[in-house]
Amino acid sequence: MHAASDDSDLHPDTVAVVAGRPAHAPDAPMNVPVHLTSTYVAGGDIAYGRYGNPSWTAFEDVLGALEGGRCVSFASGMAAISAVLDLVEPGGLVVAPRHSYTGTVALLEERAQQGRLRVEFVDIADTAAVAAACEGAAMVWFETPTNPALEVADIAAIAAAAHAHGALVAVDNTFATPLLQRPLALGADLVVHSATKYLSGHSDVVMGAAIAASAEHEAALVQRRTLGGAIPAPLETYLALRGIRTLAVRLERAQANAQELVRRLDGHPALDEVRYPGFGAIVSIVVRGGAGPADALVERTRLWVHATSLGGVESTFERRRRWPAEQPTIPEGLVRLSVGIEQVDDLWRDLSAALDTIG
Ligand SMILES: *Cc1c(COP(=O)(O)O)cnc(C)c1O
């Protein structure tokens, strides 16, 4: 719940390391400690553990500085998404990508069924279609690249079209992270993160955050967190911030690994398709023959772990259509790879050996 700090002259890789630390004074700790307390002595600014915590604030200062806005941390990515959707007035129209995180699609559909909002799903890579759908919209919500289709949206063009119709623009920046993409600088009003993924980076935290361009939206999000109660735990914010400290080097390695694997996978006889947006460390491959061979692939590796979620230091993968909630337009044989920071030749040997057994 704090404005971006005054590190704006620094490169984001440096901000990730230096922001949100105690002032340099003799014997000051290097890190803001985990503040395990439910209440505070009266007379100060925080008062109670559901209203604030210095361990949240340290995380929020850093992520806010990286995204160029005002960060509010939440118990999970879904809690942050839910709070942002609460900014839509009852009955308002939300435009969203057909291919999005399944939880987001389910939440939008549930709220539409309850009559709390209306939703129109679009192909987010078709900027003209998105712009046309903006008429009468209260919010354009999207993630880019999309999960797991990896379509890329033109954030600046969509933001301009949405604003021309008075609609808010919210972007789920989980896949790209603020080191590869800064939606607020491209015109978005709000950004959300599943901090569970790249920001934490070690598959040991579930946490989320929303970042607002305006103080008004920041206050509304704090209100949602305070009254909705989906607060992060102090230890989780500490771990997520510890993750952000190494985000630049983790992402650099994971992205380089992903790019090398894409090069080697391209044209592989066991695959119909290799999808990669050109940045980040998520790759979707479409296994020839559909669900059967794809299910066989994810059971035959030693390093690659068959698991949902993404963004950890370890490489994981899963066939997305194993989830009934995944969109039917996602191919049955699509396996989403979350490329980690292991040595790329080891990753390739393991993956290609498994591919050879199903080909
Ligand atoms: C995982 C994920 C979410 C949900 O976040 P949680 O932390 O699991 O609640 C939202 N958006 C995207 C793109 C995700 O990958």
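As shown above, the structure is provided for reference.
This one's a predicted model, so the numbers in the text were calculated from it and none came from an experiment. (Residues numbered from 1 in each chain as written. Predicted model: local features only at pLDDT ≥ 70, side-chain atom pairs only at ≥ 80, totals over all residues. Heavy atoms only, no water.)

This brings us to the pattern of salt bridges. Enumeration according to the criterion identifies 18 salt bridges in this entry. The closest approach of N and O atoms between Arg-320 and Glu-318, which form a salt bridge, is 2.7 Å. Judged by its relative accessible area of 0%, Glu-318 falls in the buried class. Where Glu-332 meets Arg-319, a salt bridge forms, and the shortest distance between an N and an O atom there is 2.8 Å. In this pair, Glu-332 is assigned in the loop between strand S11 (316-319) and strand S12 (334-338) and Arg-319 in strand S11, connecting sequence segments 13 residues apart. A relative accessible area of 36% means that Glu-332 is categorised as partly exposed. Assessed through its relative accessible area of 8%, Arg-319 is described here as buried. (Salt bridge = Lys/Arg side-chain N within 4 Å of Asp/Glu carboxyl O. Buried < 20%, exposed > 50% of the residue type's maximum accessible area, 1.4 Å probe, protein only. Helix = DSSP H or I, 4+ residues; strand = E, 2+ residues; numbered from the N terminus.)

With that settled, consider the site of the ligand. Neighbouring the ligand are 13 residues, the closest being Met-78, Asp-172, Ser-194, Thr-196 and Lys-197. Asp-172 places a polar side-chain atom, nitrogen or oxygen, 2.7 Å from a nitrogen atom of the ligand. The contact in question runs from an oxygen atom of the ligand to an N or O atom on the side chain of Ser-194, over 2.8 Å. For the ligand, whose accessible area on its own is 380 Å², the fraction buried by protein is 92%. For the shell around the ligand, the element with the most residues is helix H3 (residues 77-85), which contributes three residues. Looking at the shell around the ligand residue by residue, the classes come out as five nonpolar, five polar and three charged. (Near = heavy atom within 4 Å. Polar contact = N/O pair within 3.5 Å; in protein donor to acceptor, adjacent residues only side chain to side chain. Areas by Shrake-Rupley, 256 points an atom, 1.4 Å probe, with all protein chains shown as cover. Nonpolar A, V, L, I, M, F, W, Y, C, P; charged D, E, K, R; others polar.)

In this section: the packing of H3 against helix H4 (residues 102-113). Describing two packed helices takes the angle between their axes plus the distance from one axis to the other. For the pair H3 and H4, the least separation of the axes is 11 Å and the interaxial angle reads 35°. Handedness of the H3/H4 crossing: right-handed. Contacts between H3 and H4 involve Met-78, Ile-81, Ser-82 and Leu-85 on the former and, on the latter, Gly-103, Thr-104, Leu-107, Leu-108 and Arg-111. Of the residues belonging to the contact of H3 with H4, the class tally is five nonpolar, three polar and one charged. (Axes fitted to C-alpha atoms, helices over the stretch in contact; angles between N-to-C directions. Left-handed = near helix turned anticlockwise from the far one by under 90°. Contact = heavy atoms within 4.5 Å.)

Attention shifts here to the packing of aromatic side chains. Enumeration over the complete set of coordinates arrives at two aromatic pairs. Each ring, one from Trp-304 and one from Phe-317, has its centre 5.6 Å from the other, and the planes form 40°; the classification is tilted. Of this pair, Trp-304 sits in the loop between helix H10 (291-298) and strand S10 (305-306) while Phe-317 sits in strand S11; the two residues are 13 residues apart in sequence, bridging distant segments of the chain. (Phe/Tyr/Trp six-rings, centres within 6.5 Å; stacked < 30°, edge-to-face > 60°.)

With that settled, the discussion passes to H4. A rise of 1.5 Å per residue sets the reference length of H4, with its twelve residues, at 16 Å; its end C-alpha atoms lie 16 Å apart and thus fit the reference within 8%. Of all the residues in H4, the buried ones are Thr-102, Gly-103, Thr-104, Val-105, Leu-107, Leu-108 and Arg-111. Of the surrounding secondary structure, the elements contacted by the buried residues of H4 are H3, strand S2 (93-97), strand S3 (118-122) and strand S4 (139-143). Residue Gly-115 follows H4 closely and has a positive phi angle near 80°. (Expected span 1.5 Å × (residues − 1).)

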